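# Breakdown of the fold
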Amino acid sequence: MSIDETSASATYAETGGAASAKVVTYLRDLILRGELQPGDRIRQEEIAERLGASRLPVREALRMLEAEGLTEHEPNKGARVPRLSMHEVDVIYRMRERLEPLALAESLPQLTDDDHARLEEVQQRIEANTDLDRFLELDREFHLGTYSGCHIDPLNAIVTRLWNSTQHYRRAYVAMGGRARMWIVNSEHRLILDAVVRRDSTDAERFLEGHIRRTRIELGHHPGVFGAQP
């Protein structure tokens, strides 16, 4: 390959990568905010036209989002937001109960006083918040922030994928509980944060496992959250 051809290929890869990243950001935001619901189709041509992109970066973006657990591809039908059964969500939450305490234990020794201060600030914002979408953003920031010291990349990737997969159901759970039950979430966050600051992995793992388990059990009491299954 000539120098000119190499340069052209590099330029195409760079611009194509930027276009794919733009599509990823756009679709990820729509899915996590609930504007695209489980089962909704994602039509490549519509996304490409809306963002002024070709279909190639849209296809690449969908592959990236599938790896994150936010989309899936059905043969002969295209991409859609995954729809999970009650049993699938229960199993995923059981996975979270086992893996997230491990990520937290790996993270604790690496978190600094500045990290602790940031987590405290996030929790204060959660306690002052009254908006559902904002709570979900802050809750994600809090929990993933407590895992930020974990340097085991495969574990981090799995944890993030599990969070993405259960976002819709977490939203429904919080909407059902409303402000009346937010004190429970905040109390559990405070227990986790206290253990994080004390660097007590035993307490931190125990409190976090219970926090996730409670959500799983309460979701199981509300089958309507999962809607009609295909």
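One structure accompanies this document, and this report is about it. Bear in mind that the values here come from a model prediction, so they are computed numbers and not experimental data.

### Some details on the side chain of His-189
Structurally, His-189 can be placed in helix α9 (residues 182–198). For His-189, the residues in contact, after removing those within four places along its chain, are Gln-123, Ile-126, Asp-139, Phe-142, His-143 and His-211.

### Structural notes on the nonpolar core
Ranked by internal contacts, the top residues of the largest apolar core, which has 38 residues, are Val-89, Leu-104, Phe-135, Tyr-147, Tyr-169, Val-196 and Leu-219. The set of elements that each furnish at least two residues to this core consists of α4 (86–107), α5 (113–128), α6 (132–146), α7 (153–165), α8 (167–177), α9 and α10 (201–220). In terms of residue count, the dominant contributor to this core is α9 (6 residues). If we ignore the near neighbours within four places in the chain, the residues touching Leu-104 are Thr-146, Tyr-147, Ile-192, Val-196, Ala-204, Glu-205 and Leu-208.

### Side note on the pattern of salt bridges
Scanning the model with the defined rule gives 26 salt bridges in all. Between Arg-198 and Asp-194 there is a salt bridge whose closest N-O contact spans 2.8 Å. Placement of the pair is Arg-198 and Asp-194 together in helix α9, with a separation of 4 residues, close to one helical turn. Given the relative accessible area of 41%, Arg-198 is considered partly exposed. With a shortest N-O distance of 3.6 Å, Glu-218 and Arg-214 are connected by a salt bridge.

### Concerning the packing of aromatic side chains
Per the stated rule, a full pass over the model turns up 1 aromatic pair. Plain terms: the ring middles of Tyr-169 and Phe-226 are 5.4 Å apart, the flat faces sit at 20° to each other, and that makes the pair stacked. Separated by 57 residues along the polypeptide, Tyr-169 in helix α8 and Phe-226 in the segment after α10 bring together distant segments of the chain. Owing to a relative accessible area of 6%, Phe-226 belongs among the buried residues under this scheme.

### Describing helix α2 (residues 44–51)
Among the residues of α2, Gln-44, Ile-47, Ala-48 and Leu-51 are the ones counted as buried. The buried residues of α2 all sit within an arc of 100° when viewed along its axis, so they share a single face. Residues of α2 that are exposed and point more than 90 degrees away from the buried face comprise Glu-49 and Arg-50. Immediately beyond the C-terminal end of α2, within one or two residues, lies Gly-52, with a positive phi of roughly 65°.

### What about the environment of Glu-74?
Assignment of secondary structure puts Glu-74 in strand β2 (residues 72–74). The exposure class assigned to Glu-74 is buried, which follows from its relative accessible area of 18%. A sequence separation of 128 residues divides Glu-74 from Thr-202, and the C-alpha atoms of the two residues are 42 Å apart.

### Observations regarding the sheet that holds strand β1 (residues 41–42)
Within the open sheet, the 3 strands sit side by side as β1-β3-β2. Their pairing is antiparallel. Both edges of this open sheet fall to β1 and β2, since each of them pairs with a single strand only. Sheet analysis places β2 next to strand β3 (residues 78–80), joined by 3 bridges and oriented antiparallel. Following the sheet pairing, Glu-72 is matched in β3 by Arg-80.

### Description of the packing of α4 against α10
Between α4 and α10, the least distance of the axes is 8 Å, while the angle of their chain directions is 170°. Considering their axes alone, α4 and α10 lie roughly antiparallel with respect to each other. Note on element contacts: α10 touches α4 through Ser-201, Ala-204, Glu-205, Leu-208, Glu-209, Ile-212, Arg-213, Thr-215, Arg-216, Leu-219 and Gly-220, opposite Met-86, Val-89, Asp-90, Tyr-93, Arg-94, Arg-96, Glu-97, Glu-100, Pro-101, Leu-102, Leu-104 and Ala-105. Here the residues of the contact of α4 with α10 sort into 11 nonpolar, 3 polar and 9 charged.

### Side note on the packing of α5 against α6
Each packed pair of helices is defined by two parameters, the angle between the axes and the distance between the axes. Packing of α5 against α6 leaves a shortest axis separation of 9 Å and a crossing angle of 155°. Relative to α6, α5 is oriented roughly antiparallel. Considering how the two elements wind past one another, α5 and α6 form a crossing that is left-handed. For the pair α5 and α6, the contacting residues are Leu-119, Val-122, Gln-123, Arg-125 and Ile-126 in the first and Arg-134, Phe-135, Leu-138, Asp-139, Glu-141, Phe-142, Gly-145 and Thr-146 in the second. Considering only residue class, the contact of α5 with α6 consists of 6 nonpolar, 3 polar and 4 charged.

What counts, and where the lines are drawn
Residues numbered from 1 in each chain as written. Predicted model: local features only at pLDDT ≥ 70, side-chain atom pairs only at ≥ 80, totals over all residues. Heavy atoms only, no water. Helix = DSSP H or I, 4+ residues; strand = E, 2+ residues; numbered from the N terminus. Contact = heavy atoms within 4.5 Å. Core = buried A, V, L, I, M, F, W, Y, C linked by side-chain atoms within 4.5 Å. Buried < 20%, exposed > 50% of the residue type's maximum accessible area, 1.4 Å probe, protein only. Salt bridge = Lys/Arg side-chain N within 4 Å of Asp/Glu carboxyl O. Phe/Tyr/Trp six-rings, centres within 6.5 Å; stacked < 30°, edge-to-face > 60°. Arc of directions from axis to C-beta. Pairing = 2+ DSSP bridges. Axes fitted to C-alpha atoms, helices over the stretch in contact; angles between N-to-C directions. Parallel < 35°, antiparallel > 145°, perpendicular 65-115°, else oblique. Nonpolar A, V, L, I, M, F, W, Y, C, P; charged D, E, K, R; others polar. Left-handed = near helix turned anticlockwise from the far one by under 90°.

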